[in-house]
Amino acid sequence: MAGQISRHISQFVQAVELAAAGLFALLFGIGVVDLALQIAMTVPTGAITDPLVVIGFIETGLLLLIIVEVYQTVVAYVRQTDTRQIVRLVIYTGVIAMVRKVIIFRTSEYTTVQDALLAAMAYTVIILGLVSLLYVERKLGVSLD
């Protein structure tokens, strides 16, 4: 009896994981179409040459990469991939997310210079930590399990 319940719960979880993967794939497709439309709409107006507009495109592109990484992580869970590969995907997602934060970082969004400096230092520490984890995982072959 307990074995059957466990099997049904596992099947339910796997179905939800597949639904999540499908949702992320759909979000990615919508995002690509949206980015293409944004670019197409700025070309005739000449806004394509505005650095802030280009940064907006880069931000959107990086967000799409994050969606792809999350999709790949969900698919890895569904396929019951090695934990090490899942950890690598999560690290990649973190690196992309933090690079995105750095690209859109504006000191004017903070009330004081100290707040902006603290945020910049926090981003630096997080990025260095993620890159260090990635280096350890890839180059040294140390298992993160």
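Above this text sits the structure in question.
Residues numbered from 1 in each chain as written. Predicted model: local features only at pLDDT ≥ 70, side-chain atom pairs only at ≥ 80, totals over all residues. Heavy atoms only, no water.

## Overview of the packing of aromatic side chains
For the structure on display, the rule yields two aromatic pairs. Aromatic pair Phe105 and Tyr110: ring centres 5.5 Å apart, planes at 35°, arrangement tilted. Since its relative accessible area comes to 26%, Tyr110 is described here as partly exposed. Summarising the aromatic geometry, the rings of Phe105 and Tyr123 are spaced 5.9 Å apart at their centres and angled 80° between planes, so their arrangement reads as edge-to-face. In this pair, Phe105 sits in the loop between helix H3 (83-103) and helix H4 (113-138) while Tyr123 sits in helix H4, placing the two residues 18 residues apart along the sequence. What links up through ring pairs into an aromatic cluster is the set Phe105, Tyr110 and Tyr123. (Phe/Tyr/Trp six-rings, centres within 6.5 Å; stacked < 30°, edge-to-face > 60°. Buried < 20%, exposed > 50% of the residue type's maximum accessible area, 1.4 Å probe, protein only. Helix = DSSP H or I, 4+ residues; strand = E, 2+ residues; numbered from the N terminus.)

## Description of the pattern of salt bridges
Here the structure, examined in full by the defined rule, presents two salt bridges. The partner of Arg100 in a salt bridge is Glu59, and the shortest N-O contact between them spans 3.1 Å. Pair noted here: Arg100 is in helix H3 and Glu59 is in helix H2 (residues 51-78), with a separation of 41 residues, a long-range link. We note a salt bridge from Glu137 to Arg88, for which the minimum N-O separation is 2.8 Å. Of this pair, Glu137 sits in helix H4 while Arg88 sits in helix H3, placing them 49 residues apart in sequence. Owing to a relative accessible area of 26%, Arg88 belongs among the partly exposed residues under this scheme. (Salt bridge = Lys/Arg side-chain N within 4 Å of Asp/Glu carboxyl O.)

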